[in-house]
Amino acid sequence: MPQMSKVELYAAIRRDHRSGMKMRELERKYNVSWRTVKKAVDSVWPEPRKKLPPRPTALDPYKPVIDEMLRTDLDAPRKQRHTITRIFHRLVEEHSADVSYQMVRRYVSDRKPEILAASGKAPMEAFVPQSHLPGREAEVDFGDVTVRLAGELVTCYLFSLRLSYSGKAVHRVFASCGQEAFFEGHVYALRTLGGAGPRSATTTSSRPSPGCWG
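Residues numbered from 1 in each chain as written. Predicted model: local features only at pLDDT ≥ 70, side-chain atom pairs only at ≥ 80, totals over all residues. Heavy atoms only, no water.

Caption draft 1: Region of interest: the nonpolar core. Core analysis: the largest hydrophobic core is formed by 14 residues, its most contacted members being Leu59, Ile66, Ile87, Leu91, Val99 and Val104. For this core, the secondary-structure elements that each account for two or more residues are helix H4 (63–73), helix H5 (84–95) and helix H6 (101–119). Per-element accounting of this core gives the leading share, four residues, to H6. Those residues in contact with isoleucine 66, other than ones at most four positions away along the chain, are Leu59, Ile87, Leu91, Tyr107 and Val108. (Core = buried A, V, L, I, M, F, W, Y, C linked by side-chain atoms within 4.5 Å. Buried < 20%, exposed > 50% of the residue type's maximum accessible area, 1.4 Å probe, protein only. Helix = DSSP H or I, 4+ residues; strand = E, 2+ residues; numbered from the N terminus. Contact = heavy atoms within 4.5 Å.)

Caption draft 2: The arrangement of the pairing of strand E3 (residues 169–174) in detail. Strand direction decides the pairing type here: strand E2 (residues 152–163) and E3, joined by six bridges, are antiparallel. Within E3, the position partnered with phenylalanine 159 by the bridge is arginine 172. Hairpin connection from E2 to E3: five residues lie between these consecutive antiparallel strands, with glycine 167 at a positive phi of about 85°. (Pairing = 2+ DSSP bridges.)

Caption draft 3: Local environment of the packing of aromatic side chains. Per the stated rule, a full pass over the model turns up six aromatic pairs. Between phenylalanine 142 and phenylalanine 174 the ring centres are 6.2 Å apart and the planes differ by 90°, which places this aromatic pair in the edge-to-face class. Separated by 32 residues along the polypeptide, phenylalanine 142 in strand E1 (residues 137–149) and phenylalanine 174 in strand E3 bring together distant segments of the chain. By relative accessible area, phenylalanine 142 is classed as buried at 1%. Residue classification places phenylalanine 174 among the buried residues on the basis of a relative accessible area of 9%. Taking 5.9 Å as the distance between ring centres and 40° as the angle between the ring planes, the aromatic pair formed by phenylalanine 142 and phenylalanine 182 counts as tilted. Separated by 40 residues along the polypeptide, phenylalanine 142 in strand E1 and phenylalanine 182 in helix H7 (residues 179–193) bring together distant segments of the chain. A single burial state applies to phenylalanine 142 and to phenylalanine 182, both of which are buried. An aromatic cluster of three or more residues is present, and its members are Phe142, Phe159, Phe174, Phe182 and Phe183. (Phe/Tyr/Trp six-rings, centres within 6.5 Å; stacked < 30°, edge-to-face > 60°.)

What follows is the structure, given as structure tokens:
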């Protein structure tokens, strides 16, 4: 009989049981115990696998020490807070801990957010939904792009206009990043998209690095 998952095994036992097969017959057919047959008949889904307790590690005795360092950092100036490297060296030098750097790094990365949240000093997470009307808003970006021209790498400037509602975008590459090119990119994009509509579209732009504007 092919190997089946526990879900498939339970389903097969229930199906045969509904067709009239006795419990003893089911035990023999599927080579399982009476307890397994009983669970399959009584339950739609197999019981979830029990989580094994975490294995002890060499770091366990020093976790309270690390926690105390992280709690101290909550009120310490930023430049005086413990890095993972500093925590590791303190464990080795002050506590003669026989632990690896990777072991300390994994624990700190998991534990630090928990301590911060428990202190009430974690930054508030918020979600602000955005809504955009068709044809009313667009985002503009004008930045460097490297292209191969006549076999040589040349720095050009990519103008991109993306409609906020539909996500449709228009791109054009210019040899310069002067104001004329910036305006020409808008004209080209609006012509391609069919115009700005009865009201002027609002655009937000991300300017290139300083010195690129004429």
